[in-house]
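In case you want the letters, here they are:
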Amino acid sequence: MRAVVVREFGGPGALAVVQVPVPVPGAGQLRIEVAAAGVNPVDAVTRSGVLAELGLLPRPAGSTVGIGWDVAGTVAELGPGTRGFAVGDRVIGLRDRLDVPLGAYAEHLVLDASAVAPLPDALPAVAAATLPLNALTADQALDLLDLPAGASLLVTGAAGGVGGFAVELAARQRGLRVVAVAGAADHDALRAMGARWLVDREVPDLAAAVRELVPGGVDGALDAALLGFRAMGAVRNRGAFVSVAGDVPVGLRGIRVRTVWIAADGPALGRLAELAARGELTLRVADTLPLAQAEQAHRRLARGGLRGRLVLVP
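Residues numbered from 1 in each chain as written. Predicted model: local features only at pLDDT ≥ 70, side-chain atom pairs only at ≥ 80, totals over all residues. Heavy atoms only, no water.

*Asks:* Even after reading the chapter, I still don't get the overall build of the protein chain, so can you show me in this structure?
*Replies:* Scanning the protein chain from N- to C-terminus turns up 10 helices and 16 strands. For the protein chain, the C-alpha radius of gyration of 20 Å lies close to 20 Å, the compact-globule estimate for 314 residues. With the C-alpha coordinates of the protein chain rotated into their principal frame, the extents come out at 60 × 40 × 35 Å. Across the 314 residues of the protein chain, 52% fall into the buried class. Of the contacts made within the protein chain by residues no fewer than 6 positions apart, 65% connect residues no fewer than 24 positions apart. For the protein chain, the accessible area works out to roughly 12900 Å², and carbon and sulfur atoms hold 52% of it. Across the protein chain, the mean location of the 30 positive side-chain charges is 3 Å away from that of the 30 negative side-chain charges. (Helix = DSSP H or I, 4+ residues; strand = E, 2+ residues; numbered from the N terminus. Rg over C-alpha atoms; globule rule 2.2 N^0.38 Å. Buried < 20%, exposed > 50% of the residue type's maximum accessible area, 1.4 Å probe, protein only. Contact = heavy atoms within 4.5 Å. Areas by Shrake-Rupley, 256 points an atom, 1.4 Å probe, with all protein chains shown as cover. Lys, Arg positive; Asp, Glu negative; His and termini not counted. Charge placed at Lys NZ, Arg CZ, Asp CG, Glu CD.)

Here's what the structure looks like:
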């Protein structure tokens, strides 16, 4: 089968399309025939070698590094003892391990059954491939914040993949009052997604702008744009702050600071897929490209300005 891998870290040109044996599922695993794979910023970070420099990923050293986290497709084979799925089932899944030679950029992918969820008939595979990583990250970040219904939440990077899902999940599913930070061109869309207040991402003093809307500061912040102290300044004393990356500000003023480290969760992914099938989560596809054009997809990702995710199709 064909797969896209990295043998030496670098720019988009480091992505290589190779022929490899079809992987065989082990106990409790299943093999998915890939119909679509989402392209995420973490894929570019993996390819560049930054994760290896941080000690989160081994260097290839004669082997390969798999690329791609999000997958949608069909169950092609069950491993010994795998239950809950049958060959032919439509599924989505998340590959959350970095230390494996193959990722979702491939014609077939083996995952633990616990990382996979049924794909509702109402969801096309291409759209569904934009869901797992970003929606699960948003959902798990909201779990860490642990805010009660009626509380106020700041979401930075609200027009992005994680931020957009966070706005919808917070406002529609958890009853939170959301302050969304994004460019002015995205305000109408975010308001339709449930944001109560909108703040332009170019505002010179984010904390002051938010506190003008929510006196005393918001109860929590989900920092998807990695603004750090700029966003923390908007949080009330003894509030909560969650970042989507490892570098987080010190928890001044008694603020509870956490980082969300994504973990595959099939049942939660199934719940999110059902929400998307009912139109309660917005799936945004920027464009689709053939698997062989993974390099071009990464070049487009690097240029920025995308609304939604690029999706590779074998």
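*Asks:* So what exactly am I meant to see when it comes to the sheet that holds strand S4 (residues 65-66) here?
*Replies:* Within a sheet, adjacent strands bond to each other through the backbone by hydrogen bonds, running parallel or antiparallel. If you walk across this open sheet you meet the three strands as S2-S1-S4, and the pairing is antiparallel. Every other strand in the sheet has two partners, leaving strand S2 (15-19) and S4 as the edge strands with one partner each. Across two bridges, strand S1 (residues 2-6) lies against S4 in antiparallel orientation. Of the residues in S4, the one forming a bridge with Val5 is Gly66. (Pairing = 2+ DSSP bridges.)

*Asks:* What is the right way to look at the side chain of Arg31 in this model?
*Replies:* By the secondary structure assignment, Arg31 is in strand S3 (residues 29-39). Here the side chain of Arg31 touches His108 through a polar contact of 2.9 Å, side chain to side chain. In contact with Arg31, not counting residues within four places along its chain, are Val22, Pro23, Pro25, Thr74, Val75, Ala76, Glu77, His108, Leu109 and Val110. (Polar contact = N/O pair within 3.5 Å; in protein donor to acceptor, adjacent residues only side chain to side chain.)

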